[in-house]
Amino acid sequence: MNARRTIVSYLIILLILYLLQFVLSPYPHSLMTRIMVFAIYASAYNLLLGFLGMISLGHSMYFGAGLYVTGLLIINKLVDPFSAIIIGVFSATLLGVATAPILLRTRGPMFIILTLMTSLAFYYAVILFNNVTGGEQGLVLPLERLTLPAGKFLIDLTSPVARYNAALLGLIIAMSTSLTIYLKKYSTLLLAIKENEDRTELLGYDVYRHKLTVFLLSSTLSGLSGSLYSITARYIGASLVSVNYSIMPLLWALLGGQGTVLGPLVGTAFLTVIIDIASSYTSSYLIIVGISLIALVLTAPEGLLGRIKTRWLRV
Amino acid sequence: MDPLSAFFLGVLDGLTEGLLFALVAIGFTLSYGILRIVNLTHGEFYMIGAVMTWVLYEAAKNPLYSLIIAPLFSAFLAVIIERTVLSRIKYAPEPTIIATAGLLYIIQQSTLMVIGPYSRSVPPPLSTVISTPWFGYSSYKIAVALASIMIAATLWIFLKRTNLGLRMRCVQQDAELAKNFGINVRKIYSLGFGLSAALAAAAGVLIVPIRQAHYLMGFDALLMSLLAVTIGGMGSLRGTFLASVMIGLFGGIVAVFTSPTTSRILSIMLVVVVVIFKPHGILECVKK
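Residues numbered from 1 in each chain as written. Chains lettered and ligands numbered in written order. Predicted model: local features only at pLDDT ≥ 70, side-chain atom pairs only at ≥ 80, totals over all residues.

## Some words on the overall build of chain B
So, point 1. When its secondary structure is counted, chain B shows 12 helices and two strands.
So, point 2. Beginning at the N terminus, the succession of helices and strands in chain B can be written as α-α-α-α-β-β-α-α-α-α-α-α-α-α.
So, point 3. For chain B, the C-alpha radius of gyration of 19 Å lies close to 19 Å, the compact-globule estimate for 288 residues.
So, point 4. The buried share among the 288 residues of chain B stands at 50%.
So, point 5. Long-range pairs, those at least 24 residues apart, make up 77% of the contacts in chain B with a sequence separation of at least 6. (Helix = DSSP H or I, 4+ residues; strand = E, 2+ residues; numbered from the N terminus. Rg over C-alpha atoms; globule rule 2.2 N^0.38 Å. Buried ≥ 20, exposed ≤ 12 C-beta atoms within 10 Å, placed from the backbone. Contact = placed C-beta atoms within 7 Å.)

See the structure below:
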């Protein structure tokens, strides 16, 4: 029953997201595109946080791998946008394959510290090679490189409609991944690892392999989000791979409720809108991130969606 | 400048930086040892120390006051944080990391509101240049290195020779047992966290004349602490101190021949390699 309810609510949300594009005025339309791109990132992050209880403060490097590879391929006129996305996502997977064996050796606080350090190395590398990456200032993707021949038609990725639907498609991929894991028996095994890693290992499960699988899925989808960000925002810059962008998905996932399928989207939408409003009043709008993190930890550890569920829906 | 004197200059700069950041890192490891928490806000206490030095310099034109006032203020702030936030989430590892990440933003962004996004500089109180046959070296940097050693030594004596230090070490070893022996663990937690923040702030005060005060400077100190505790061993004061000096030296020497950014990347990679072979820090083998 519960599974069916999850699927139905998932489909309803997707339908609403699809229909929203026909009613939104230009500014909310582009805001919604940004929210969906970030929600992919939040969903990716939530795979690790929700299913395995692992907090990573280094996901910005996977997001960044997708962002920079896709962005730079397009800027330097090497491939068409579609291949650029594929290569971008694949490079995030590769970065995951390269880093996971080291990162997954540790757990708890050490895992958090190590992920934070590796992503900082990535950030500094972006700054170091600023003649290629554009460094802090960043680079803008030229408009004329963003058209995509699809059979007889020409998909113009600069049009708001195409960007909206590209983001929506990415979100469907990300949320379906979480939903599939959520509905499968596999999630029970992941829950066992989350609850007690040593005991699960003792029961004969290859804990490392399952952690690696989820970790790679998470880094790949983070890369997808980064890739789509570079296309939809037409901008790549070092600030997007800073520590802020590792803490953001943590906050989005926590806000929405970790381990839920729709939570990351809810959390992302909520926070992005609030930050968007706040940034027009003050330059220190990031203080909202701080206040919500503290408020969450102190009052609603199960997240917004979790809170609503337990208070009103009693699911 | 010939390569050899450049090398020595790098050694001196690295040593100064290593000793200075050792104060920050010791503070970080102290709060881990006593409260068992990873405090991501730690770098912000360092930033507060630096920013307050600038504020006090603008107000009183004497940077020496800040060496007392800034650490006290940071300690006060830390105790408030410990009482109102950390004790309420019972120092649980993951919530603490989330909460301290939140506090990081609150402190950082409040500072941005107060001083704006500018780099603020304070002239060094000592401006003599000590000349060697190969190059001249700022006497202030030497004073900073000596001051760092003195502060670290004072802390060491405090922990080893005083009654309060003994209680802190008791809590560090076993908080439950310490409670049963009548030690006020709550008080020790607050004191330990305050002390840890004061150390970071002291380093912040000392560094302003070398580097400028900026609201984002805390990340650097946090990164240095993380690097130092990772290879020094979480909670080990001696290991953290040694590791910090080593990282400083390494960074200083590498920076002479490449760039500060490259040296940071290489330091991080070095630490990651150490983690692969010695997951519990370099001193782990010495202890056994």
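## Considerations on the overall build of chain A
So, point 1. Per the secondary structure count, chain A includes 14 helices and four strands.
So, point 2. Taken against the 2.2 N^0.38 rule, which gives 20 Å for 315 residues, the C-alpha radius of gyration of chain A at 19 Å falls within 12% of a compact globule.
So, point 3. Projected onto its principal axes, the C-alpha coordinates of chain A cover approximately 55 × 45 × 45 Å.
So, point 4. Burial statistics for chain A: of 315 residues in total, 49% are counted as buried.
So, point 5. Long-range pairs, those at least 24 residues apart, make up 78% of the contacts in chain A between residues at least 6 apart in sequence.

## A word on the confidence of the model for chain B
So, point 1. The share of residues in chain B with pLDDT of 70 or more is 96%, and the mean pLDDT across the chain is 88.
So, point 2. Reported for the predicted complex are a pTM of 0.90 and an ipTM of 0.87. (pLDDT = per-residue confidence, 0-100.)

## Remarks on the interface of chain B and chain A
So, point 1. Of the residues lining the interface, 36 residues belong to chain B; the matching set on chain A comes to 32 residues.
So, point 2. Counting only elements with at least two residues in the side of chain B that touches chain A, the list comes to helix H4 (93-115), helix H9 (218-232) and helix H11 (260-277) of chain B.
So, point 3. Counting residues per element, the side of chain B that touches chain A draws most heavily on H4 of chain B, at 16 residues.
So, point 4. The class makeup of the residues in the side of chain B that touches chain A is 27 nonpolar, six polar and three charged. (Nonpolar A, V, L, I, M, F, W, Y, C, P; charged D, E, K, R; others polar.)

## Looking at the environment of Arg234 of chain A
So, point 1. Within the secondary structure, Arg234 of chain A sits in the loop between helix H10 (207-233) and strand S4 (235-236).
So, point 2. The contacts of Arg234 of chain A, once residues within four sequence positions are left out, are Val140 and Leu141 of chain A.

## Details of the packing of helix H2 (residues 26-52) of chain A against H10 of chain A
In a packed pair of helices, the relevant descriptors are the angle between the two axes and the axis-to-axis distance.
Residue and element names in this part refer to chain A.
So, point 1. Closest axis-to-axis distance for the H2/H10 pair is 9 Å, and the angle between their directions is 170°. Between H2 and H10, the interaxial angle falls into the category roughly antiparallel. Across the interface between the two elements, Thr33, Val37, Phe38, Ile40, Tyr41, Ser43, Ala44, Tyr45, Leu47, Leu48, Phe51 and Leu52 of H2 pack against Lys211, Val214, Phe215, Leu217, Ser218, Leu221, Ser222, Leu224, Ser225, Leu228, Tyr229 and Thr232 of H10.
So, point 2. Tallied by class, the residues present in the contact of H2 with H10 amount to 17 nonpolar, six polar and one charged. (Axes fitted to C-alpha atoms, helices over the stretch in contact; angles between N-to-C directions. Parallel < 35°, antiparallel > 145°, perpendicular 65-115°, else oblique.)

## Quick notes on the environment of Leu126 of chain B
So, point 1. Locating Leu126 of chain B in the fold gives a position in the loop between H4 and strand S1 (129-131).
So, point 2. When the C-alpha atoms of Leu126 of chain B and Asn39 of chain B are compared, they prove to be 34 Å apart, with 87 residues separating the residues in sequence.

## Quick notes on helix H6 (residues 163-173) of chain B
Residue and element names in this part refer to chain B.
So, point 1. Along H6, the residues classified as buried are Arg167, Met168, Val171 and Gln172. Seen along its axis, H6 keeps its buried residues to an arc of 145°; they face one direction. Pointing more than 90 degrees away from the buried face of H6 are the exposed residues Asn163, Leu166 and Gln173.
So, point 2. In this structure, the buried side of H6 is in contact with helix H1 (3-35), helix H5 (139-161), helix H7 (175-180) and helix H8 (185-207). (Arc of directions from axis to C-beta.)

## So, the environment of Arg36 of chain B
Residue and element names in this part refer to chain B.
So, point 1. Considering the arrangement of structural elements, one finds Arg36 in the loop between H1 and helix H2 (42-60).
So, point 2. By C-beta crowding, Arg36 is classed as partly exposed, having 17 other C-beta atoms within 10 Å.
So, point 3. Note: C-alpha distance between Arg36 and Val274 (238 residues apart in sequence) is 22 Å.

## Things to note about the nonpolar core
So, point 1. If you look at the biggest cluster of nonpolar residues, it comprises 181 residues, and the most contacted ones within it are Ile40 of chain A together with Val24 and Ala203 of chain B.
So, point 2. Other than its neighbours up to four places away in sequence, Val24 of chain B contacts Tyr46, Leu199, Ala200, Ala203, Ala221, Met224 and Ser225 of chain B. (Core = buried A, V, L, I, M, F, W, Y, C linked by C-beta atoms within 7 Å.)

## Describing the packing of H2 of chain A against helix H7 (residues 160-183) of chain A
Residue and element names in this part refer to chain A.
So, point 1. The N-to-C vectors of H2 and H7 enclose an angle of 20°; their axes lie 9 Å apart at closest approach. Judged by the inter-axis angle, H2 sits roughly parallel to H7. As for how H2 packs across H7, the hand of that crossing is left-handed.
So, point 2. Split into classes, the residues belonging to the contact of H2 with H7 amount to 17 nonpolar, seven polar and one charged. (Left-handed = near helix turned anticlockwise from the far one by under 90°.)

## Overview of unusual backbone geometry
Residues and elements named next belong to chain B.
So, point 1. Of note, the phi angle at Arg36 is positive, near 60°, even though the residue is not glycine.
So, point 2. With phi around 55°, Tyr91 is a residue other than glycine that occupies positive phi space.
So, point 3. Among the structural elements, Tyr91 can be located in the loop between helix H3 (66-86) and H4.

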